Every structure is written in structure tokens, then in C-alpha cells.
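# Commentary on secondary and tertiary structure
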Amino acid sequence: MARDRRLLYRVCKRTFDIAFSIFALVLTALPMAAACVLIRIESPGSAIYAQERIGRFGRVIYVHKLRSMVADADDVEKYLDAEQLAQWNAERKVDDDPRVTRFGRFIRVTSLDELPQFWDVLRGEMSVVGPRPITREELNEHFTETERAALLSVRPGITGAWQAGPRNEATFESGERQRIELEYIRNRGFAMDARCIVGTFGAMFGRNRSGR
């Protein structure tokens, strides 16, 4: 019975991923096109970029986003001071990142930069709900061998328990981010996924919204 429930969950989850992603891409096609134009006006270069991450079964995947930074943002030493570089190396994020453009701040706060990831969901590399995609360095540095096996047993998600919860307050350094992601994997199911989706909308648009 437990195996049948897991199979039902996987089938329903993938069906939901496909249907919801098609709906989201159709609904947001015009806003995404307008955003691409504005991105290129403010900062010349491709409006969409890809980040290399580790997906299910340890395969390399490419997560696509609307570009919210200057085109040469990968040259971190050009833009970040020593303190910011230390934070970047630890968490792959920087408070008040100087590389973020003005329009980029808007699409980050509204999470519009995440919209191209629905293509990644359609391609089967991601899910709507799952652990946040991470780099190989983050995987090896912050997770044990057993934890890595658990993390790589599921598709990473556009949103998940970390995004729907404390987000920036739960870091790798504190161990909270690992705990949250692994707890989702252990308890994943229809109810958990629904809570993540509702929580994400609350984080984005609710009274105590956190944006990112």
C-alpha cells in the first residue's frame, strides 16, 4: 500500500507540474516578453541566463531565470568587496548586491525572475515544489553522504519548504536550510506540497511578505 501511495503521488505530482507549468507560461508570456525588453534596455546582453545546478540523481541541470544583474555579474571580484565576497562564497547571495539592476530588484521582489523555470519543469529537470537547486560545491560542503543521497533522490523545485518559510534567515551556516530541505524530503506528499505553495504565495504577497 505504501508503495502504491508513493507511485500515485509521483504520477499526480508530475501531472500537476506539466499542467501548472503550461498554464503559467501561457498566462505570463506577454509579461515575460515585456520584462525581457526592459532588461535589455537597462543592461545590454541576453535577458535570460542559465545557472548550472545539480539535479535528480546527481545530473547537471541548467536553471533558467530572467537576468536581474548586470551582464558580467559572474566577475564577482569586479563588483564585490572583501566582506561581500565572503558572504557570496558561503551562501551564493549578497545583501544589497551591487550587481543587481534597478529593474532587477523589481523582478526579484516579485519573483518574476523565476518564471522561465517553468520551461525547466516541462523538460522534467525540475518540479514546481521541491528542494531549492544547489551547486555541486554547496552539495559537497553542507551535506553528508547520506543527506546528499536523499537530496538527489527528488527533483529540485521552483519553490519549496525553504522558500515558503524563513528563506534568508535559514542559512547553510546555521544548518537550518539543510534541516528544512531534508525534512521536506522525508515528509513530502500532497499535503506538504500544498502547504509549500500556499506559503510561497504568502511570502510573496501576504501581510508579512518577504519577497525573496
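Whatever comes next refers back to the structure up there.
Residues numbered from 1 in each chain as written. Predicted model: local features only at pLDDT ≥ 70, side-chain atom pairs only at ≥ 80, totals over all residues. Heavy atoms only, no water.

### Things to note about the overall build of the protein chain
In terms of helices and strands, the protein chain carries 11 helices and 4 strands. A globule of 212 residues ought to have a C-alpha radius of gyration of about 17 Å, and the protein chain, at 17 Å, matches this closely. Across the 212 residues that make up the protein chain, the buried fraction comes to 43%. The contacts in the protein chain between residues at least 6 apart in sequence include a share of 67% that link residues at least 24 apart. For the protein chain, the accessible area works out to roughly 11900 Å², and carbon and sulfur atoms hold 58% of it. Each charge sign in the protein chain was given a centre, from 33 positive and 29 negative side chains, and these centres are 8 Å apart. (Helix = DSSP H or I, 4+ residues; strand = E, 2+ residues; numbered from the N terminus. Rg over C-alpha atoms; globule rule 2.2 N^0.38 Å. Buried < 20%, exposed > 50% of the residue type's maximum accessible area, 1.4 Å probe, protein only. Contact = heavy atoms within 4.5 Å. Areas by Shrake-Rupley, 256 points an atom, 1.4 Å probe, with all protein chains shown as cover. Lys, Arg positive; Asp, Glu negative; His and termini not counted. Charge placed at Lys NZ, Arg CZ, Asp CG, Glu CD.)

### Overview of unusual backbone geometry
Note: most residues except glycine have negative phi, and most peptide bonds are trans. The phi dihedral of Asp-96 is positive, around 50°, even though this residue is not glycine. Among the secondary structure elements, Asp-96 is positioned in the loop between helix H4 (82-91) and helix H5 (102-109). Residue class for Asp-96 comes out exposed when judged on its relative accessible area of 76%. Despite not being glycine, Ser-111 has its phi angle at roughly 65°, a positive value. Its place among the elements puts Ser-111 in the loop between H5 and helix H6 (117-122).

### A closer look at a positive patch on the surface
Positive charge collects at one region of the surface, where Arg-3, Arg-5, Arg-6, Arg-10 and Arg-188 lie side by side. Mapping Arg-188 onto the fold places it in the loop between helix H10 (176-187) and helix H11 (190-205). (Patch = residues over 30% accessible without salt bridge, like charges linked within 9 Å, V, L, I, M, F, W, Y side chains within 5 Å. Salt bridge = Lys/Arg side-chain N within 4 Å of Asp/Glu carboxyl O.)

### Re the pattern of salt bridges
A complete count under the given rule lists 10 salt bridges for this structure. Arg-123 is paired through a salt bridge with Asp-120; the nearest N and O atoms lie 3.9 Å apart. In this structure, Arg-123 and Glu-125 form a salt bridge, with 3.0 Å as the shortest nitrogen-oxygen distance. Here the salt bridges share partners, and the residues they tie into one network are Lys-65, Glu-114 and Arg-132.

### Some points on the environment of Thr-135
Assignment of secondary structure puts Thr-135 in the loop between strand S3 (127-129) and helix H7 (136-142). For the pair formed by Thr-135 and Gly-55, sequence separation is 80 residues and the distance between their alpha carbons is 9.2 Å. Not counting residues within four places of it along the chain, the set of residues in contact with Thr-135 comprises Glu-52, Arg-53 and Ile-54.

### Some remarks on the packing of aromatic side chains
This model, assessed by the stated rule, comprises 5 aromatic pairs. Considering the side-chain rings of Phe-20 and Phe-118, the 5.9 Å spacing of their centres and the 50° angle between planes classify their relative orientation as tilted. Of the two residues, Phe-20 sits in helix H1 (residues 2-27) while Phe-118 sits in helix H6, which places them 98 residues apart along the sequence. Residue Phe-20 is classed as partly exposed on the basis of its relative accessible area of 28%. Overall, the relative accessible area of 9% leaves Phe-118 in the buried class. Ring centres 6.1 Å apart and planes at 80° place the aromatic pair Phe-143 and Phe-172 in the edge-to-face group. Of this pair, Phe-143 sits in the loop between H7 and helix H8 (145-151) while Phe-172 sits in the loop between helix H9 (161-164) and H10, and the two are 29 residues apart along the sequence. (Phe/Tyr/Trp six-rings, centres within 6.5 Å; stacked < 30°, edge-to-face > 60°.)

All we've got here are geometric facts, nothing functional implied.
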